Amino acid sequence: MRHLAIIGSGPAGYYTAEAATKLWGEDVKVDIFDRLPVPYGLIRTGVAPDHQSIKGVSRRYEGTNLADNVRFVGNVTLGEDVTVAELQDFYDAVILATGAPHDRKLDIPGADLPGVVGSAAFVGWYNGHPQFAALDPLLHTDTAVVIGMGNVALDVARILAKTRDEFAGSDIVSHALEALQASGIRRVVILGRRGPHQIMMTPKELGELGHLSRAAPRVDAADLPDEGEDALLEPGLRKSVGHLRSFAAIPESHYADVPIEVTFDFFAAPVAVEGDGKVTAIVVERTAVQAGRAIGTSETYRIPCGLVISCIGYQTSPIPGVPFDERLGRFANDEGRILPGLYCVGWARRGPSGTIGTNRPDGFAVIEKVAADIGGGAGKAGRAGFDALAEARGLDIVTFRDWKKIEAAEEARAREGAPREKFVDIAEMIKARS
Ligand code: NAP
């Protein structure tokens, strides 16, 4: 028998569990740990609440969890309740699927002023992550600046711009829905330090911005390269740039009809945030792109604003004793192997890139490494060993059966038309299982 501990119940964790059960059938036991009492990580608290079809992938993970040899062990924090070394004593392999929950630092003067938030916090706030539920972002402003031109920046801009009706059927938490509807935002500026050919936005997601009921995207046609140059782009990016071209063709008269404008500001690198007690403006340097790199031109300008949301990527949290690559913001690893017996997968392995589905081959690849290292298992105690330790420490473990009760309670208290109203407080989640 092989015993596996997977840390993190997001997509990387569940695809790895699926790979292990596919490879070994009944000859493996998998425990999937999470620090929250609820599973699915990024699917629950990262994927946008108005993208329910993407969130639907959790049904597949539920299928994995219903196998007898896979169990969810919620409400257990690595490093506080149990250490990596202790888990290594019990399990043949410990696989870190902890994602990249921290914002890459916006390293400019003024970035710590109230009114500057990172996307992990802002997305966590509207998605009901207990850590960020109390964020209370400064939405009483007419202009919000979103830094970065990836899909997270798009999510954030879209969520700022949508009407209450457009959130029908979403599971945005009520505290965020109410705050957003009461906001005074009339302009969302998306800053990209490079140009239209260097955006990280995918076509489907970018296209959505052209179909919002009270907002319109604005692209300055002068920023777009000659159309012929698009032919050199890979097909997805070419399609995204096609959306930018259609935004640039929106007639000026249309903007008078919509209360919110989402402006793409290309060749614009943030250099400082200004404010007195809170943000009042962001200072931006005009750039030129040379050989794919943004080079400052020394020309600067200010954008008055009351909210800055930095969507410039994420980093993994280091774990004491686990080798970490500071430069890349993830665990130091060789294709998923940190050390024999200790592995990482998903964003914790490769950094914060790719779609949910990218984690599936990642999970299967790491299980190949695990298989090569652990053979038939070393006769370790596995979950019985962990359970004895948990009992001795008085840990309050949340099981998958408990989660199903929490889920039912969230569904029962949903707004009209919404799939669920998430609990945003850990104590409330735990209470709901009884
Ligand atoms: P991302 O795709 O890496 O985009 C990060 C953006 O931040 C880039 O435009 C980057 O510009 C910019 N940036 C980085 N450092 C900066 C700095 N110091 N100053 C100014 N700009 C800076 O990251 P993400 O948007 O966080 O997305 C993470 C992953 O999740 C991606 O793979 C994404 O596709 C995925 N995701 C998918 C969906 C979806 O499919 N619906 C939704 C959300 C997220 P440079 O290119 O110049 O570095």
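Quick caveat, the model's predicted, so the values are computed rather than measured.

A. Broad picture of the pattern of salt bridges. Summed over all chains, the structure comprises 29 salt bridges. In this structure, arginine 360 and glutamate 18 form a salt bridge, with 2.9 Å as the shortest nitrogen-oxygen distance. With arginine 360 in helix α13 (residues 359-374) and glutamate 18 in helix α1 (residues 11-24), the pair connects residues that are 342 residues apart, well separated along the chain. Of the charged contacts, one joins arginine 383 and aspartate 31 as a salt bridge, the two residues approaching to 3.0 Å between their closest N and O atoms. Separated by 352 residues along the polypeptide, arginine 383 in helix α14 (residues 383-393) and aspartate 31 in strand β2 (residues 28-34) bring together distant segments of the chain. Like aspartate 31, arginine 383 is buried. Among the ionic contacts, a cluster of salt bridges with common partners joins Asp50, Asp155, Arg158, Lys162 and Glu208.

B. Highlighting α1. Under the 1.5 Å per step criterion, the end-to-end length of α1 is 20 Å for 14 residues, consistent within 8% with the ideal 20 Å. Along α1, twelve of the 14 residues are buried, which leaves the element largely enclosed by surrounding structure. One or two residues past the end of α1 sits glycine 25, with phi positive at roughly 55°.

C. Just the site of the ligand, in detail. Around the ligand, 21 residues are found, and the nearest of them are Met149, Asn151, Arg193, Arg194 and Gly354. The contact in question runs from an oxygen atom of the ligand to an N or O atom on the backbone of methionine 149, over 2.9 Å. Notes on the ligand: free accessible area 920 Å², of which the protein chains cover 80%. It is helix α7 (residues 151-161) that provides the largest number of residues to the shell around the ligand, a total of three residues. For the shell around the ligand, the per-class residue count stands at ten nonpolar, six polar and five charged. Mapping the shell around the ligand onto the domain boundaries places at least three of its residues in each of domain 1 (2-101 + 316-432) and domain 2 (102-313).

D. Broad picture of the sheet that holds β2. As summarised here, the arrangement of the six strands in space is β3-β2-β1-β4-β19-β18, forming an open sheet in which the pairing is mixed. The sheet is open, and its two edges are formed by β3 (70-74) and β18 (337-339), each paired on a single side. The average undirected angle you get between the axes of adjacent strands in this sheet is 25°. In terms of strand pairing, β2 meets β3 through five bridges, oriented parallel. If you follow phenylalanine 33 over to β3, its bridge partner there is valine 73. α13 contacts β1 (2-7), β4 (93-96), β18 and β19 (342-344) of the sheet and is inclined by roughly 170° relative to β19.

E. Just the side chain of arginine 383, in detail. A residue is classified by how much of its surface remains accessible, and arginine 383, at 16% relative accessible area, is buried. A polar side-chain atom of arginine 383 sits 3.0 Å from a polar atom in the side chain of aspartate 31. Looking at arginine 383, its side chain comes within polar contact range of the main-chain oxygen of asparagine 69, at 3.3 Å. The contacts of arginine 383, once residues within four sequence positions are left out, are His3, Lys29, Val30, Asp31, Asp68, Asn69, Val70, Arg71 and Tyr91.

Reading the values: rules and limits
Residues numbered from 1 in each chain as written. Predicted model: local features only at pLDDT ≥ 70, side-chain atom pairs only at ≥ 80, totals over all residues. Heavy atoms only, no water. Salt bridge = Lys/Arg side-chain N within 4 Å of Asp/Glu carboxyl O. Helix = DSSP H or I, 4+ residues; strand = E, 2+ residues; numbered from the N terminus. Buried < 20%, exposed > 50% of the residue type's maximum accessible area, 1.4 Å probe, protein only. Expected span 1.5 Å × (residues − 1). Near = heavy atom within 4 Å. Polar contact = N/O pair within 3.5 Å; in protein donor to acceptor, adjacent residues only side chain to side chain. Areas by Shrake-Rupley, 256 points an atom, 1.4 Å probe, with all protein chains shown as cover. Nonpolar A, V, L, I, M, F, W, Y, C, P; charged D, E, K, R; others polar. Domains from an automatic or database assignment. Pairing = 2+ DSSP bridges. Axes fitted to C-alpha atoms, helices over the stretch in contact; angles between N-to-C directions. Contact = heavy atoms within 4.5 Å.

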